[in-house]
Amino acid sequence: MADLVVGLQWGDEGKGKIVDLLAKDYDVVVRYQGGHNAGHTIVVEGKKIALHLLPSGVLYPHCQNVIGNGVVVEPHSLVTEMKQFGIECLQNRLFISDRAHVILPIHAKLDLLREKLKGKEAIGTTGKGIGPSYADKVSRVGIRMGELRDMETLKQKVQFAYRELQILAQAMGETIESLDEIVCSLREVSEILMPFVCDSVHFLWNAKEQGKKILLEGAQGSMLDLDHGTYPFVTSSTTISAGACSGSGINIREVQEVIGIAKAYCTRVGNGPFPSEEFGNIAQEIQTKGGEFGTTTGRARRCGWFDAVALKYACNLNGCTQIALMKLDVLDGLEEIKVCTQYEYRGEKIDYIPYDYSEVKPIYQTFKGWDKTCGARSRSDLPKEAQEYIVALEKLVGVRISIVSTSPDREDTIIEDKV
Ligand code: GDP
Ligand code: IMO
Ligand code: MG
C-alpha cells in the first residue's frame, strides 16, 4: 500500500515537514514529479535542512528514498545535495529512476530566455529549466537518466536541444557554453550518479510485494497543476494526486490515504491570479512572521487569506481523505482573520474556479483572532477561537483536518489520530 502527501495551494504549504514527520513509519519515500524547483524544509531540534530533489525521508536511516520516473533531474544539483549527506551514506538508501528526464544547463538558459521574452507576462518561474525539460520529454527528444551511461549517443541527443537554443540565444545576443563543455560536465557527474540509477518501478513493485509501506511526496501545489492550476501561471507537471501514479508506477488502487497539505492562510511565489491576496500591513506581518521567502529562489512570497473555494477545488481534484493544516501559529496575535468563502464573478456569487480566474473577487467571512497557538501539541492546548477556526475550515472544505502544525519543528504538531 501507499499513502500520498500533496500540496493543496500554490506550493510551500509545509509538505517537507509533514513527509519528514510521517516518514518514521514508512519504509520508502518517493518523489514523483517536479524537480529542483521544489524546496522542502525540515526542522529538527532547531536545525533547518532544505531539500530540493532528495525525498524528505532522507533523515531517517531506515528509509529508502526514490526519485521516480516523473521527476526531472538536474544532475549537478542532485550531486551537490547528495554530498551534504555523504554519497556513501546514501548507498542502498537512494534510488534514481533510469526513466527520469535530465535537466541540462541549456534547459535553464531556455527557461530564463523565454521569461525574458515574455517581459511583463512572465510566469515568474524558478529559472531552473523545469518547463523546457518537460517540453523535450513531451516532444520525445528528452534525455533520460539511463542515457548518461553512454556518453557517445548522449552527445548526439544533446545536439537536438542545443541547436534550438543556439538559434534563440543568437537572436537575443546571448552566449551559451559549447556542446563539448556540456557533455564533459555531464560525464563527471554521471560517474557519481550511475550507482544510484535503477529501474525504480521494478524497485517499488518489489517493495510493495515485500509489504513495505510507501509514502509518495508531492512537490509544488494543486493550484500550480499544469491542467487544473491557474494556467499559464503554473509549473509543467501534474502536481495533483493523479501525477503520483504516472510519476512513480504505483497504480491507482494502491493509494490509500491522500493527505492534503494547506497553510492556515495562503501564499504564492511568482506571477498569476491570487484572489485572496493581501497588501499592506497584514501581508507584511504574515510574510515576516511566516518567513515567507522562497526556499529555492529566496523570492518574497505573496501572502493572503485562506481560500476555502480554491481549497475545496483542490481537495476534489486530489481525493483528499484528510488535511494537515500548517502554520496556524503565524496568525497568532491578529485581531481578525478572514477566510474567502465565495467569489464574486461577473456580478454573481460563485463557489467554483471559472476559466477567467483573474476576474474573481473574494467574498470573506471574518473570524475573531487569538493570542497564541505557537508550539501547541494538542487541540485542547489551542485557544477557543483557534479551535473554532479549524472547525469552520473543516466545514467549509468538507474534509477533516487530522494534523495541525504550530511551528516549523517536527515536534510541534497536533496529530488527531494515526494516519
Ligand atoms: P514545502 O515546499 O511545502 O515543503 O514548504 P517550504 O519548506 O517551502 O515552506 C514551508 C516553510 O514553513 C518552511 O520554512 C517550514 O520550516 C515552515 N513551517 C512548516 N510548518 C510550520 C508551522 O507550523 N509554523 C511555522 N511558523 N512554520 C512552519
Ligand atoms: P515546493 O515543492 C512554490 C512556481 C514558481 C512559478 C511557477 C512555475 O517547494 O512547494 P517552474 O520553475 O516550476 O516552471 O515555475 O511555479 N513554483 C513553486 N512555488 N513552491 C514550489 O515548490 C514551486 N515550484 C515552482 O514560482 O510561479
Ligand atoms: Mg517549498
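Let us look at the structure shown here. (Residues numbered from 1 in each chain as written. Chains lettered and ligands numbered in written order. Predicted model: local features only at pLDDT ≥ 70, side-chain atom pairs only at ≥ 80, totals over all residues. Heavy atoms only, no water.)

### Examining the coordination of the magnesium ion (ligand 3)
Here is step 1: On the protein side, the magnesium ion (ligand 3) has Asp12 (OD) and Gly39 (O) as donor atoms, found 2.0 to 2.2 Å from it. Of this pair, Asp12 sits in the loop between β1 (2-7) and α1 (15-23) while Gly39 sits in the loop between β2 (28-31) and β3 (40-44), and the two are 27 residues apart along the sequence. (Donors = N, O, S within 2.8 Å, 3.2 Å for Na, K, Ca; no water. Helix = DSSP H or I, 4+ residues; strand = E, 2+ residues; numbered from the N terminus.)

### Observations concerning the nonpolar core
Here is step 1: Membership of the largest hydrophobic core comes to 54 residues, with the highest contact counts inside it found for Leu8, Leu216, Phe306, Ile323, Leu328, Leu331 and Tyr389.
Here is step 2: Counting residues per element, this core draws most heavily on helix α11 (residues 384-397), at 6 residues.
Here is step 3: Leaving out residues up to four positions away in the same chain, Leu331 has contacts with Ala264, Tyr265, Ile286, Lys289, Ile337, Trp370 and Tyr389. (Core = buried A, V, L, I, M, F, W, Y, C linked by side-chain atoms within 4.5 Å. Buried < 20%, exposed > 50% of the residue type's maximum accessible area, 1.4 Å probe, protein only. Contact = heavy atoms within 4.5 Å.)

### Here we look at the site of ligand 1
Here is step 1: What surrounds ligand 1 is a group of 20 residues, the closest being Lys15, Gly39, Thr41, Asp329 and Ser405.
Here is step 2: At 2.8 Å, a backbone N or O of Lys15 approaches an oxygen atom of ligand 1.
Here is step 3: Within the backbone of Gly16, a nitrogen or oxygen atom sits 2.8 Å from an oxygen atom of ligand 1.
Here is step 4: Out of a free accessible area of 580 Å², ligand 1 has 94% covered by protein chains.
Here is step 5: Taking a 2 Å distance to the grid points as the criterion, the majority of the atoms of ligand 1 fall inside the second largest pocket.
Here is step 6: Residue composition of the shell around ligand 1, by class: 4 nonpolar, 9 polar and 7 charged. (Near = heavy atom within 4 Å. Polar contact = N/O pair within 3.5 Å; in protein donor to acceptor, adjacent residues only side chain to side chain. Areas by Shrake-Rupley, 256 points an atom, 1.4 Å probe, with all protein chains shown as cover. 1 Å grid on protein atoms, 1.4 Å probe; cavity = no way out; pocket = protein on both sides within 12 Å on 5 of 7 lines; lining within 4 Å. Sits in = over half its atoms within 2 Å of the grid points. Nonpolar A, V, L, I, M, F, W, Y, C, P; charged D, E, K, R; others polar.)

### A short note on the environment of Ile337
Here is step 1: For Ile337, the position within the fold is in strand β16 (residues 336-345).
Here is step 2: Once you skip the residues sitting within four places of it in the chain, Ile337 turns out to touch Trp305, Leu331, Gln365, Thr366, Phe367, Gly369, Trp370 and Tyr389.

### Thoughts on the pattern of salt bridges
Here is step 1: Evaluated as defined, the whole model comprises 22 salt bridges.
Here is step 2: Note that Glu292 is salt-bridged to Arg301, the shortest N-O span being 2.7 Å.
Here is step 3: Between Glu394 and Arg379 there is a salt bridge; the shortest N-O distance is 3.5 Å. On the criterion of sequence distance, the pair formed by Glu394 in helix α11 and Arg379 in the loop between β18 (361-368) and α11 is long-range, its members being 15 residues apart.
Here is step 4: Judged by relative accessible area, Glu394 falls into the buried class, the value being 18%. (Salt bridge = Lys/Arg side-chain N within 4 Å of Asp/Glu carboxyl O.)

### What to know about helix α4 (residues 130-138)
Here is step 1: Among all positions in α4, only Ile130, Pro132, Ser133, Tyr134 and Asp136 are buried.
Here is step 2: Backbone geometry just after α4 places Arg140 at a positive phi near 65 degrees.

### Points about the layout of surface pockets
Here is step 1: A volume near 1,000 Å³ is recorded for the largest pocket.
Here is step 2: Considering the residues around the largest pocket, the lining is formed by 50 residues, among which Ile130, Val234, Thr235, Ser236 and Ser237 are closest to the centre.
Here is step 3: Elements supplying a minimum of two residues to the lining of the largest pocket: α3 (105-118), α4 and α8 (242-246).
Here is step 4: If you go around the second largest pocket, you meet 26 residues; those closest to its centre are Thr41, Gly290, Arg301, Lys327 and Pro408.
Here is step 5: Of all the secondary structure elements, the ones that give two or more residues to the lining of the second largest pocket are α1 and β3. (Points joined across faces, edges and corners; volume = space filled by probe spheres on them.)

### Observations regarding the site of ligand 2
Here is step 1: Lining the immediate surroundings of ligand 2 are 20 residues, of which Asp12, Lys15, His40, Thr126 and Thr235 lie closest.
Here is step 2: In this structure, an oxygen atom belonging to ligand 2 sits 2.9 Å away from a side-chain N or O atom of Asn37.
Here is step 3: A distance of 2.9 Å separates an oxygen atom of ligand 2 from a polar atom in the side chain of Arg299.
Here is step 4: Taken by itself ligand 2 offers 550 Å² of open surface, and the protein chains cover 98% of this.
Here is step 5: By residue class, the composition of the shell around ligand 2 is 7 nonpolar, 10 polar and 3 charged.

### Overview of unusual backbone geometry
Here is step 1: Going from Tyr231 to Pro232, the amide bond is cis rather than trans, its omega being 5 degrees.
Here is step 2: With respect to the helices and strands, Pro232 occurs in the loop between β10 (214-217) and α8.
Here is step 3: The backbone of Arg140 sits at a positive phi, close to 65 degrees, despite the residue not being glycine.
Here is step 4: By secondary structure assignment, the location of Arg140 is in the loop between α4 and α5 (151-171).
Here is step 5: According to the relative accessible area criterion, Arg140 is exposed, its value standing at 73%.

### A word on the packing of α3 against α5
Here is step 1: Taken N-terminus to C-terminus, the directions of α3 and α5 make an angle of 30 degrees; their axes are 10 Å apart at the nearest point. On the basis of the axis angle, α3 is roughly parallel to α5. Crossing of α3 over α5 shows left-handed handedness. Listed contacts from α5 to Ile106, Lys109, Leu110, Leu113, Arg114 and Leu117 of α3 are Val158, Ala161, Tyr162, Glu164, Leu165, Leu168 and Ala169. (Axes fitted to C-alpha atoms, helices over the stretch in contact; angles between N-to-C directions. Parallel < 35°, antiparallel > 145°, perpendicular 65-115°, else oblique. Left-handed = near helix turned anticlockwise from the far one by under 90°.)

### Observations regarding the packing of aromatic side chains
In this description, a pair of aromatic rings is defined by centroid distance and the angle of the planes.
Here is step 1: Counted by the stated rule, this structure contains 5 aromatic pairs.
Here is step 2: An angle of 85 degrees between the planes, with centres 5.6 Å apart, marks the rings of Phe367 and Tyr389 as edge-to-face. Pair noted here: Phe367 is in strand β18 and Tyr389 is in helix α11, with a separation of 22 residues, a long-range link.
Here is step 3: A relative accessible area of 13% means that Phe367 is categorised as buried.
Here is step 4: Between Trp370 and Tyr389 the ring centres are 5.4 Å apart and the planes differ by 55 degrees, which places this aromatic pair in the tilted class. Taken together, the residues Trp370 in the loop between β18 and α11 and Tyr389 in helix α11 connect sequence positions 19 residues apart. Note on accessibility: Trp370 and Tyr389 belong to one class, buried. (Phe/Tyr/Trp six-rings, centres within 6.5 Å; stacked < 30°, edge-to-face > 60°.)

### So, the sheet that holds strand β5 (residues 64-67)
Here is step 1: Reading across the sheet, the 10 strands line up as β9-β7-β5-β2-β10-β1-β11-β15-β19-β20 and stay open at both edges, with mixed pairing between neighbours. A strand with exactly one partner marks an edge of an open sheet, and here the two such strands are β9 (197-198) and β20 (413-415).
Here is step 2: In this sheet, β20 lies alongside strand β19 (residues 401-405) in antiparallel orientation, the contact comprising 3 bridges. Counted as the bridge partner of Ser405 is Thr413 from β20.
Here is step 3: Strand contacts of α1: β1, β2, β10, β11 (255-263), β15 (322-326), β19 and β20, with the helix running at about 160 degrees to β1, the strand carrying the most contacts. (Pairing = 2+ DSSP bridges.)

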